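For reference, the chains in residue letters:
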Amino acid sequence: MRLLSTPLIIGLSILGLYTSSVIAAETRVERIGERLNHPWGMDFVDDDHILVSERRGKLFKINLRNGESREIQGLPEVENIGQGGLLDVLVNDKNPTHMYYCYAKSGDDGVSTAIDMAQLNGDTLTNRKTIFHANNGSDGGRHFGCRLEISVGYLYGTVGDRGARQFAQEPASNAGSVVRFNLDGSLPEDNPNIKDWRPETFSKGHRNAQGMTLNPKTDEIWLHEHGPRGGDEINIIKPGANYGWPVVSHGEEYSGGKIGIGRSAPQFKDPVWTWIPSIAPSGMAFYDGDMFPEYNGKLLVGSLKFQSLYLVELKNGRPTGERVILEKEIGRIRDVAVGNDGAIYLLSDERRGGLYRLSR
């Protein structure tokens, strides 16, 4: 079922805390709480509360039942520059007081992606520790990456190329990589031991990955990344693999013409899905719930460019097709999450954006 743009029925809840829009029969999208300024990442603290970051450097805990919002104190200084700022946030499901977040951080060589771990005590972060600060600093404001995920006791994070594509293939640079840590912030002994790679590097050859999720059936890490002019990709991350950017790409230069040597080469891992033209993907989650049983085992992907939510169909563990299930109703979709109630939660990355719930 594709949710078409129908006349909206707008109204205030009896609590006056959010507006709701009836999109199609028995399906509704509603804003939870007040407007947010360019929200970027989110994760659930428990069934009733969610953490939401704003790119400008603020973090909020929002009550999913009544929309009440409380600002979290104790964050570090964040560089709000271009696409950088306070970006993804992740709660450790096995210990919800322990959390991670990634952000743009200044250093001697400019601004680059950093990851902190901290404890959430009430509305305050304590025992905050920076476990990673990428070595590909730049004065520019592009391509920080900065998604986080946990799989089988490891923390994964994405690092963008910062707009300097050549460093995505530089072994000693963090540019264009996925990094992996133990949950205490230490380095795993079984990280890939590849000549000249940084010890935290798990994979290389990425451009700007802004969606990452765990496949619950396989424990594989899936990510999507922005291509240049076309060529957005979904990749399944393997230890020590190189995904080719910028030597190979399904996209083109913004001025026209191919990038590198073509779309594929034997020494690089090919994507399992591409978008041409680009949809500017951001946020990704596998659906597993009772509210939308027809979505189970499928992949939800947000689109900034087309302000849409895509449902990616899978067969034998690989994408085979897609369709739009929400289109131009809430603005640019930055992040996607699935609650324990089966509802789909979305962030609208606008100056007057917000947290939204798609439900039945």
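Residues numbered from 1 in each chain as written. Predicted model: local features only at pLDDT ≥ 70, side-chain atom pairs only at ≥ 80, totals over all residues. Heavy atoms only, no water.

### Examining the packing of aromatic side chains
The line we're drawing: Any two of the Phe, Tyr and Trp rings considered here, Trp counted by its six-membered ring, make a pair once their centres fall within 6.5 Å; the pair's planes then place it as stacked at under 30 degrees, edge-to-face at over 60, or tilted in between. Throughout, exposure labels follow a simple rule: accessible area from a 1.4 Å probe, protein chains only, divided by the maximum for the residue type, with under 20% read as buried, over 50% as exposed, and the rest as partly exposed. For a ring to carry a charge above it, either NZ of a lysine or CZ of an arginine must fall within 6 Å of the ring centroid while also lying within 35 degrees of the normal to the ring plane.
Within this structure, the stated rule accounts for eight aromatic pairs. Centroid distance Y101 to Y103: 5.7 Å. Interplanar angle 40°. Geometry classified as tilted. Note on Y287 and F292: the rings are 6.1 Å apart at their centroids and 80° apart in plane angle, and the pair reads as edge-to-face. As far as burial versus exposure is concerned, Y287 and F292 are alike and both buried. For R162, the ring lying beneath its charged end belongs to F144, and the centroid distance is 3.9 Å. Sitting above the plane of the Y154 ring, R180 keeps its charged end 3.9 Å from the centroid.

### What to know about the pairing of strand β4 (residues 39-46)
The test is simple: Helix and strand definitions here come from DSSP, where helices need a minimum of 4 consecutive H or I residues and strands a minimum of 2 consecutive E residues; each element is numbered from the N-terminal end. When DSSP finds two or more bridges between a pair of strands, those strands are recorded as paired.
Of all eight residues in β4, seven are buried, a share of seventy percent or more. Looking at chain direction, β4 and strand β5 (residues 49-54) are connected through five bridges and run antiparallel. Looking across to β5, one finds that M42 is bridged to V52. The turn joining β4 and β5, which pair antiparallel and follow one another in sequence, is formed by two residues.

### Section: the sheet that holds β5
The cut-off we apply is this: Here an axis means a line fitted to C-alpha atoms, over the contact stretch when the element is a helix, while the angle between two N-to-C directions is reported on a 0 to 180 degree scale.
One open sheet holds the four strands; their spatial order is β4-β5-β6-β7, and the pairing between them is antiparallel. Two strands lie at the open edges of the sheet, namely β4 and β7 (69-71), each paired on one side alone. For this sheet the average axis-to-axis angle between neighbouring strands, irrespective of direction, equals 25°.

### Quick notes on the confidence of the model for the protein chain
The predicted coordinates should not be examined in detail at positions where pLDDT is low. Put simply, the rule reads: The quantity known as pLDDT measures the predictor's confidence residue by residue, on a range of 0 to 100. In what follows, a contact means two residues having at least one pair of non-hydrogen atoms within 4.5 Å.
Looking at the protein chain as a whole, its pLDDT mean stands at 93, while 93% of the residues score no less than 70. The low-confidence segment residues 1-20 (pLDDT under 50) makes 52 contacts with residues lying over four places distant or belonging to another chain.

### Points about the state of the cysteines
Note the cut-off: Cysteine sulfur atoms are paired as a disulfide whenever they fall within 2.5 Å.
The final tally for this structure, using the stated rule, is one disulfide. A sulfur-sulfur distance of 2.4 Å marks the disulfide that ties C102 to C146. Here C146 lies in strand β12 (residues 145-151) and C102 lies in strand β9 (residues 98-107), a separation of 44 residues in the sequence. Residue classification places C102 among the buried positions, given a relative accessible area of 1%.

### A few points about the pairing of strand β25 (residues 344-348)
Within β25, five of the five residues are buried, leaving the element largely enclosed by the surrounding structure. Judged by which residues are buried, β25 turns out to be covered on both faces: I344, L346 and S348 on one side and Y345 and L347 on the other are all buried. Examined bridge by bridge, strand β24 (residues 333-338) and β25 share five bridges and lie antiparallel to one another. Counted as the bridge partner of D335 is L347 from β25. Taking the residues between adjacent antiparallel strands as the criterion, β24 and β25 are bridged by five residues, where G342 takes a positive phi near 90°. Pairing of β25 with strand β26 (residues 353-359), which is carried by five bridges, proceeds in the antiparallel orientation. Within β26, the position partnered with Y345 by the bridge is R357. Adjacent in sequence and paired antiparallel, β25 and β26 are bridged by four residues.

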